[in-house]
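# Per-entry structural report
Below, each chain spelled out in residue letters.
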Amino acid sequence: MDKEIVLKTWEVYQGLVQGLGETCWKIRTVFYTASSAVIAYAFVHSIPFLYVVVAVLSIVFLVLEAGYKQIQNQYIVKSAQIERTLNDLLVEEPHPFIPEGGIMTAIKTPTYRGYCRLLRWRNWLFWVPYAFVFVCAVALACSRAGIKEPADHCDQAMHSKAP
Amino acid sequence: MPLVERDTFKTLQSAVLDPKTYASGSERQSLRAAFDIASSQITKQIFNFEAETRPMRRSRLNAQKDIPEQYREVIAALKKALATADTLDKSGGYDDDDEDTIKFIRNALRPLVKAIEPFQ
């Protein structure tokens, strides 16, 4: 078996994994920036509806990143399979392992099962930040944080007229 | 003298009987250790060599030309198990690696345990 082809394939898979990893981080940073900006705007301008928007945003970004992560995981698995081939070549296995379907970059589209798998406890580092922002947004919306009560206005008006 | 130490063989047998339990957590770690010890003891007993790592063991095993007739089945099963044992080292959640370990126990470890049994 030609070692060069196997090695080149491994490099291609690694490059794809790296690129997809960077995309995942970009999605995550955009989410952090957008959600904190919207929460701040909602608080300052007393618009509770925007807290709900943040809650929805956290679900949308979670689904988006999970989709990319599923694709990345497929390439990581492909890369691990090629590593098995490389190890077989290293130990001079008479019949080195060839992955199912040979060498290919084709992947499956993200599945519902894949999304569920990413939400397992084992992957808590992935979903906990989204869950945290979601819970905070819901809590802020329920407590109507930043909303000025009409009674406060009356009190303020009365106090200002008093002298 | 048995091919594999009794306690080590017992762990391998338990894994074969209950693959799901031995597919994750500390049980998987104990299975990994038992498999590495067993494979090392087999090569020591049959070929009188021990290797530091699994790939080195595979490499030396592949280089062996004269395999005693009575151990042919054991060596064939050991080669197959060593080639697919990587799943015991995984810990990430990239795929259903628990299922991969279960597959390893069913397809590679079970034939090995069966092949070792007559020599115990």
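Residues numbered from 1 in each chain as written. Chains lettered and ligands numbered in written order. Predicted model: local features only at pLDDT ≥ 70, side-chain atom pairs only at ≥ 80, totals over all residues.

It is worth spelling out the overall build of chain B at this point. Helix and strand content of chain B: five helices and zero strands. The order of α-helices and β-strands along chain B, N terminus first, is α-α-α-α-α. Taking 14 Å as the expected radius of gyration for a compact globule of 120 residues, we find that chain B reaches 14 Å, a close match to that expectation. Per-residue burial over chain B gives 32% buried out of 120 residues. When contacts within chain B are restricted to residue pairs at least 6 apart in sequence, those whose partners lie at least 24 apart make up 66%. (Helix = DSSP H or I, 4+ residues; strand = E, 2+ residues; numbered from the N terminus. Rg over C-alpha atoms; globule rule 2.2 N^0.38 Å. Buried ≥ 20, exposed ≤ 12 C-beta atoms within 10 Å, placed from the backbone. Contact = placed C-beta atoms within 7 Å.)

When helices and strands are tallied, chain A shows five helices and zero strands. Each helix and strand of chain A, placed in order from N terminus to C terminus, yields the pattern α-α-α-α-α. Referenced to the eigenvectors of the C-alpha coordinate spread, the extents of chain A come out at roughly 95 × 25 × 25 Å. Taking all 163 residues of chain A together, the buried fraction comes to 21%.

Each partner contributes to the interface: chain B provides nine residues, whereas chain A provides 14 residues. With four residues, the top contributor of residues to the side of chain B that touches chain A is helix α3 (residues 54-63) of chain B. Of the residues in the side of chain B that touches chain A, the class split is three nonpolar, three polar and three charged. (Nonpolar A, V, L, I, M, F, W, Y, C, P; charged D, E, K, R; others polar.)

Next up on the list: the nonpolar core. Generally speaking, nonpolar side chains in soluble globular proteins are found buried as a group. Ranked by internal contacts, the top residues of the largest apolar core, which has 27 residues, are B:L12, B:A81, B:L109 and B:L112. Within the residue set of this core, elements represented by two or more residues are α1 (6-17), α2 (25-47), α4 (72-84) and α5 (97-116) of chain B. Per-element accounting of this core gives the leading share, eight residues, to α5(B). If we skip the residues at most four places from it in the chain, B:A81 touches B:A108, B:L109 and B:L112. Residues A:F31, A:L50, A:A66 and A:V133 belong to the second largest nonpolar core, which totals 15 residues. (Core = buried A, V, L, I, M, F, W, Y, C linked by C-beta atoms within 7 Å.)

All names here are of chain B. Mapped onto the fold, L31 is located in helix α2. Owing to 25 C-beta atoms within 10 Å, L31 belongs among the buried residues under this scheme. Among all residues touching L31, those that are not within four sequence positions of it are T11, A15, Y22 and L88.

Residue and element names in this part refer to chain B. Interhelical geometry of α3 versus α4 gives an angle of 145° and a closest axis separation of 10 Å. Both α3 and α4 take part in a crossing whose hand is left-handed. Contacts from R54, R57, R58 and L61 in α3 reach K79, L82 and A83 in α4. Considered class by class, the residues forming the contact of α3 with α4 number three nonpolar, no polar and four charged. (Axes fitted to C-alpha atoms, helices over the stretch in contact; angles between N-to-C directions. Left-handed = near helix turned anticlockwise from the far one by under 90°.)

All names here are of chain A. In a regular helix each residue adds 1.5 Å, so 42 residues correspond to 62 Å; helix α1 (residues 3-44) covers 62 Å between its end C-alpha atoms and thus fits that length. Listing the buried residues of α1 in full gives T9, Y13, F31, S35, I39 and A42. One or two steps after α1, the chain reaches S46, where phi turns positive at roughly 55°. (Expected span 1.5 Å × (residues − 1).)

The next thing to look at is the confidence of the model for chain A. Summing up the model confidence of chain A, the mean pLDDT is 90 and the portion of residues at 70 or higher is 90%. Model confidence for chain A, summarised as mean pLDDT per element, is weakest for helix α5 (residues 150-161) of chain A at 57 and strongest for α1(A) at 96. (pLDDT = per-residue confidence, 0-100.)

Now for unusual backbone geometry. Residue and element names in this part refer to chain A. Unlike most non-glycine residues, S46 shows phi in positive territory, near 55°. Looking at the secondary structure, you find S46 in the loop between α1 and α2 (49-90). With 12 C-beta atoms counted inside 10 Å, the residue S46 sits in the exposed group. For R144, which is not a glycine, the phi torsion comes out positive at approximately 50°.

As a further point, take the confidence of the model for chain B. Residue and element names in this part refer to chain B. On average, residues of chain B carry a pLDDT of 91, and 94% of them reach 70 or more. The secondary structure element of chain B with the lowest average pLDDT is α5, at 92, and the one with the highest is α1, at 96. Complex prediction metrics read pTM 0.79 and ipTM 0.78.

A word on α3(B). Residue and element names in this part refer to chain B. Looking only at α3, the buried set comprises R54, R57, R58 and L61. Projection of α3 onto a plane perpendicular to its axis shows the buried side chains occupying an angular sector of 100°, all on one side. Buried residues in α3 make contact with α2 and α4. (Arc of directions from axis to C-beta.)

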